[in-house]
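# Commentary on secondary and tertiary structure
Spelled out from the first residue to the last, the chains are:
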Amino acid sequence: MKIPSVFKRYRKVVDSGLRAALSGRSSPLYEMMRYHLGWRDESGNAVSNSSGKALRPTLCLLSCEAVCGAWRPALPAALSLELVHNFSLIHDDIQDDDRERRGRPTVWTIWGKPQAINAGTAMRVLANSVLLGLGENGFSAEKQLKVQSMIDEST
């Protein structure tokens, strides 16, 4: 399936932001996240697989640019949405006993269901941490709480 060009528009900045969110974190849970995102193989070696279309962060950034004229301040929210989505995929694979995602073994088939649950949950917590970056981009505490509440309620 060919990905429409609009989904390539923010791809580099989204990928860079996600990598930065995981940078310097060395727990096995973060290695499982890197694997799930398509950056590593099961042995921890770098691979060049795609981590998906990044539909949610792209729609977030496009919407912010359309409404506010700028997308960059909303990048933490877009990254948070992508992490929440991937947390849900890890947990969904467990619930459905799916053994493959994007042509590779799922996290739980490699590390077991308990560790996959932990990795997915850790990814959800990381999404909250990334969202704090809105404050660094000029968003008020009130606005940050509103965004956090919307993400929590929809999750």
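Treat the numbers as computed from the prediction; the structure is a model and nothing was measured. (Residues numbered from 1 in each chain as written. Predicted model: local features only at pLDDT ≥ 70, side-chain atom pairs only at ≥ 80, totals over all residues. Heavy atoms only, no water.)

## Quick notes on the overall build of the protein chain
Put simply, the rule reads: Segments assigned H or I by DSSP are reported as helices when at least four residues long, segments assigned E as strands when at least two residues long, and all are numbered from the N terminus. With the radius of gyration taken over C-alpha atoms, the globule rule is written as 2.2 Å times the number of residues to the power 0.38. The rule is simple: take the accessible area with a 1.4 Å probe, protein chains only, and divide by the maximum for that residue type; under 20% is buried, over 50% is exposed, in between is partly exposed. The criterion used for residue contact is that any of the two residues' heavy atoms lie within 4.5 Å. Note on areas: Shrake-Rupley with a 1.4 Å probe; residue coverage comes only from the protein chains shown.
Looking only at helices and strands, the protein chain has 8 helices and 2 strands in total. Computed over C-alpha atoms, the radius of gyration of the protein chain comes to 16 Å, within 12% of the 15 Å expected from 2.2 N^0.38 for 155 residues, which places it in the range of a compact globule. Projecting the C-alpha coordinates of the protein chain onto the three principal axes gives extents of approximately 45 × 35 × 30 Å. When the 155 residues of the protein chain are sorted by exposure, 41% land in the buried category. Long-range contacts, defined as pairs at least 24 residues apart, comprise 64% of the intrachain contacts of the protein chain with a sequence gap of at least 6. Total accessible area on the protein chain stands at roughly 8500 Å², and carbon and sulfur atoms take up 53% of it.

## Quick word on helix H6 (residues 113-131)
For the α-helix, the turn length of 3.6 residues means that residues three or four positions removed from each other point alike. Keep this limit in mind: Multiplying 1.5 Å by the residue count of a helix minus one yields the expected span of that helix.
Between its first and last C-alpha atoms H6 spans 27 Å; for 19 residues at 1.5 Å apiece the expected length is 27 Å, and the two agree. The inward-facing, buried residues of H6 contact helix H1 (11-22), helix H2 (28-36), helix H4 (75-96), helix H5 (107-111), helix H7 (133-136) and helix H8 (141-154).

## Examining the nonpolar core
We apply this condition: Buried Ala, Val, Leu, Ile, Met, Phe, Trp, Tyr and Cys residues that are joined via side-chain atoms within 4.5 Å together make up what is termed a nonpolar core.
Core analysis: the largest hydrophobic core is formed by 39 residues, its most contacted members being Val 14, Leu 22, Met 33, Leu 61, Leu 83, Met 123 and Leu 126. Element by element, the count of residues in this core is highest for H4, at 9 residues.

## Observations regarding the side chain of Ser 80
Positionally, Ser 80 belongs in helix H4. Overall, Ser 80 belongs to the buried group, its relative accessible area being 0%. When near neighbours in sequence (up to four residues on either side) are disregarded, Ser 80 contacts Ala 127, Val 130, Leu 131 and Ile 151.

## Topic: the pattern of salt bridges
Cut-off, in case you're wondering: For this analysis, a salt bridge means a side-chain nitrogen from Lys or Arg found within 4 Å of a carboxyl oxygen belonging to Asp or Glu.
The full count for this structure, using the stated rule, is 7 salt bridges. Linking Asp 92 and Arg 101 is a salt bridge whose minimum nitrogen-to-oxygen distance equals 3.8 Å. Classification of Asp 92 by relative accessible area gives partly exposed; the value is 26%. Here Arg 124 makes a salt bridge to Asp 152, at a shortest N to O gap of 2.5 Å.

## Points about unusual backbone geometry
Even without glycine at this site, Ala 54 takes up a positive phi of about 60 degrees. Structurally, Ala 54 is set in the loop between H2 and helix H3 (55-68). Residue class for Ala 54 comes out buried when judged on its relative accessible area of 4%. For Asp 97, which is not a glycine, the phi torsion comes out positive at approximately 55 degrees. Mapped onto the elements, Asp 97 comes out in the loop between H4 and strand E1 (100-101).

## Points about the environment of Ala 21
Position of Ala 21 among the secondary structure elements: in helix H1. For Ala 21, a relative accessible area of 14% corresponds to the buried category. With 106 residues separating them in the primary sequence, Ala 21 and Ala 127 have C-alpha atoms 8.9 Å apart. Beyond its immediate chain neighbours, meaning those up to four positions away, Ala 21 contacts Leu 126 and Val 130.

## Considering the packing of H4 against H6
Applicable threshold: Note on geometry: axes are lines fitted to C-alpha atoms, helical ones only across the stretch in contact, with angles between N-to-C directions running from 0 to 180 degrees. Under this scheme an angle from 65 to 115 degrees is roughly perpendicular, one under 35 degrees roughly parallel, and one over 145 degrees roughly antiparallel; angles in between are oblique. Each crossing gets its handedness from the near helix: less than a right angle anticlockwise from the far helix is left-handed, clockwise is right-handed.
Two elements in contact, H4 and H6, have axes separated by 8 Å at closest approach and are oriented at 165 degrees. Comparing the axis directions of H4 and H6 gives the class roughly antiparallel. Helix-helix and strand crossings are classified by hand; for H4 and H6 the assignment is left-handed. Packed against H4, whose contacting residues are Pro 76, Ala 77, Leu 79, Ser 80, Leu 83, Val 84, Asn 86, Phe 87, Ile 90, His 91 and Ile 94, the element H6 presents Lys 113, Ala 116, Ile 117, Gly 120, Thr 121, Met 123, Arg 124, Leu 126, Ala 127, Val 130 and Leu 131 at the interface.

Honestly, it's all geometry; don't read function into it.
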